[in-house]
Amino acid sequence: MSMNKIIWLASYPKSGNTWTRILLGNYLLSDKQAISINELSKVTKTDVRQDLYDKAAGRPFVANDFDDAIALRPKVQRIIAAESQGHQFVKTHSKIERIGNVDLILPEVTAAAVYIMRNPFDVAPSFAHHTGQSIDEIIDNMTNPRMIFSSQTQIMEVLGSWDAHVASWLNAPGLPRHVMRYEDMIGDTEKTIRGLLQFLQVPVRDGPLRRAIRMSSFKELQKQEATRGFRERPQQVDKFFRKGRSGSWRDELTPAQVGRIREAFLPTLEAHYPEMLGETDAFASSG
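Residues numbered from 1 in each chain as written. Predicted model: local features only at pLDDT ≥ 70, side-chain atom pairs only at ≥ 80, totals over all residues. Heavy atoms only, no water.

Chemist: Would you mind going over the sheet that holds strand β9 (residues 177–181) with me for this structure?
Modeler: Pairing within the open sheet is parallel, and its five strands lie in the order β2-β3-β1-β6-β9. Each of the sheet's edge strands pairs with one partner strand only, and the pair in question is β2 (44–46) and β9. The sheet shows a mean angle of 25° between the axes of neighbouring strands, taken without regard to direction. Bridge analysis of strand β6 (residues 110–117) against β9 gives five bridges, and the strand direction is parallel. When the sheet's bridge partners are listed, Y115 is paired in β9 with V179. (Pairing = 2+ DSSP bridges. Helix = DSSP H or I, 4+ residues; strand = E, 2+ residues; numbered from the N terminus. Axes fitted to C-alpha atoms, helices over the stretch in contact; angles between N-to-C directions.)

Below, the structure written as structure tokens:
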């Protein structure tokens, strides 16, 4: 990994990116006290920060249209890389794609990527809660190849569909990458984070690792959010750290919704979630 480059922490929204950043922060930066959920900028930058767009534009940035909105992405990424000492973790929800002559993820500043994947059945209710939309609307978005997220000033995140997002990161040629499933993070956090640290070539120390995991528990994060709030929580949401578990789709989706997701993403599910096929098929048929 060359110097002054970005290590992307990439995921579709509501897939465990924030938890990954907190775990890394508590392992790399924390000594005795849990890192504040409002100080994650000490661990990672994000590629859609308003101040970086203002800097890249040389003025307060507001986009007029889609082309305007993505034209500055490469410049913003060059600024992040130039300002960092050594490697810099950068959170992104963008897919990897070249649109016109703009690379959404700039190869020249990219050292590596950690891709965090979560099954789409659990993403859908969590994403719906996060945006204040209905689950059916979210499934429309997750299956839309042109899905875009934008801020009030029109800083755009090009997501595309869930399966295309996964494919764009997992099939990017020449990209050193480490893939983690959210389900495995929950099922065996220590093993999963140990694998992540090994990929990042960070020494693994058992005591600090276990302490970091304890300090990153959902109970701890919910407690912090309740007492101090969370800067990244969208305005329409009562709380950001909602459940932090796997399999809640069984209680939150209808058979028809499960069937829609299953049908839309079957090849990707067969590749990455084969263990879910039987259950989701039976659930979809029960309607």
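Chemist: For this particular structure, what's the right way to read the layout of surface pockets?
Modeler: If a probe the size of a water molecule is rolled over the atoms, the empty space left behind becomes visible. Taken as a whole, the second largest pocket encloses approximately 240 Å³ of empty space. Lining the second largest pocket are 13 residues, with I7, L28, H87, Q88 and F89 positioned closest to its centre. Here the residues of the lining of the second largest pocket are counted per class, giving seven nonpolar, four polar and two charged. (1 Å grid on protein atoms, 1.4 Å probe; cavity = no way out; pocket = protein on both sides within 12 Å on 5 of 7 lines; lining within 4 Å. Points joined across faces, edges and corners; volume = space filled by probe spheres on them. Nonpolar A, V, L, I, M, F, W, Y, C, P; charged D, E, K, R; others polar.)

Chemist: Is there a simple way to think about the packing of helix α5 (residues 120–131) against helix α13 (residues 255–264) in this case?
Modeler: Two quantities define a packed helix pair, namely the angle between the helix axes and the distance between the axes. At a minimum axis distance of 10 Å, the contact between α5 and α13 shows a crossing angle of 125°. Judged by the inter-axis angle, α5 sits oblique to α13. Every pair of crossing elements has a handedness; the one defined by α5 and α13 is right-handed. Between α5, through P120, F121 and A124, and α13, the contact on the second element is made entirely by V258, I261 and R262. Residues that form the contact of α5 with α13 fall into these classes: five nonpolar, no polar and one charged. (Parallel < 35°, antiparallel > 145°, perpendicular 65-115°, else oblique. Left-handed = near helix turned anticlockwise from the far one by under 90°. Contact = heavy atoms within 4.5 Å.)

Chemist: Please explain the nonpolar core as it appears in this structure.
Modeler: One broad rule of soluble globular proteins: the nonpolar side chains tend to lie buried together. By size, the foremost hydrophobic cluster in this structure holds 55 residues, and its most contacted members are Y12, F121, F127, M142, W162 and W169. Per element, the largest residue contribution to this core is five residues, and it comes from α5. Among all residues touching F121, those that are not within four sequence positions of it are W249, L253, V258, I261, R262, L269, M276 and T280. V43, Y182, L197 and F218 belong to the second-largest nonpolar core, a separate cluster that totals 25 residues. (Core = buried A, V, L, I, M, F, W, Y, C linked by side-chain atoms within 4.5 Å. Buried < 20%, exposed > 50% of the residue type's maximum accessible area, 1.4 Å probe, protein only.)

Chemist: Just checking my understanding: could you explain α13 for this structure?
Modeler: Every α-helix winds through 3.6 residues per turn, so residues three or four apart in the chain are directed the same way. All of the buried residues in α13 are Q257, V258, I261 and R262. Along α13, the residues classed as buried sweep out an arc of 130° about the axis, all on the same side. Pointing more than 90 degrees away from the buried face of α13 are the exposed residues A256 and E263. If you follow the buried residues of α13, they end up packed against α5, α6 (135–142), α12 (249–252), α14 (266–272) and α15 (277–285). (Arc of directions from axis to C-beta.)

Chemist: What's the story with the pairing of strand β1 (residues 6–11) in this structure? I'm lost.
Modeler: It is a general feature of regular strands that their side chains alternate between the two faces of the sheet. Extensive coverage of β1 is indicated by the burial of six of its six residues. Both faces of β1 are covered, namely the face carrying I6, W8 and A10 and the face carrying I7, L9 and S11. Pairing between β1 and strand β3 (residues 88–92): five bridges, direction parallel. When the bridges of β3 are listed, W8 appears paired with V90. Examined bridge by bridge, β1 and β6 share six bridges and lie parallel to one another. Across the sheet, residue L9 finds its bridge partner in β6, namely V114.

Chemist: Would you mind going over the pattern of salt bridges with me for this structure?
Modeler: Once the charged atoms of two side chains with opposite charge are near each other, the side chains can pair. Scanning all chains against the criterion turns up 14 salt bridges. A salt bridge links R194 to E190; the nearest nitrogen and oxygen atoms lie 2.8 Å apart. On the criterion of helical spacing, the pair formed by R194 and E190 is a turn pair, its members being four residues apart in helix α9 (residues 189–199). A single salt-bridge network, built from bridges that share partners, covers E190, R194, D206 and R210. (Salt bridge = Lys/Arg side-chain N within 4 Å of Asp/Glu carboxyl O.)

Chemist: Help me out: how do you make sense of the packing of helix α1 (residues 17–28) against helix α10 (residues 206–215) in this one?
Modeler: Their axes nearest at 8 Å, the elements α1 and α10 cross at an angle of 135°. Accordingly, the angle class assigned to the pair α1 and α10 is oblique. Where α1 crosses over α10, the two elements pack in a sense that is right-handed. Mapping the contact onto sequence places L23, N26 and Y27 in α1 and P208, L209, A212, I213 and M215 in α10. Its residues assigned to classes, the contact of α1 with α10 shows seven nonpolar, one polar and no charged.

Chemist: Looking at this structure, how should I read the packing of aromatic side chains?
Modeler: For any pair of aromatic rings, the description rests on two quantities: the centre-to-centre distance and the angle between the ring planes. One pass over the full model with this rule turns up eight aromatic pairs. On the numbers, 6.1 Å between centres and 85° between planes, the contact of Y12 with F127 is edge-to-face. Of this pair, Y12 sits in the loop between β1 and α1 while F127 sits in helix α5; the two residues are 115 residues apart in sequence, bridging distant segments of the chain. In this structure Y12 comes out as buried when scored by relative accessible area, which is 1%. The exposure class assigned to F127 is buried, which follows from its relative accessible area of 0%. When the ring of W162 is compared with that of F265, the centres are 5.1 Å apart and the planes differ by 55°; the resulting orientation is tilted. Here W162, found in helix α7 (residues 162–170), pairs with F265, found in the loop between α13 and α14; they are 103 residues apart in sequence, far enough to count as distant. (Phe/Tyr/Trp six-rings, centres within 6.5 Å; stacked < 30°, edge-to-face > 60°.)

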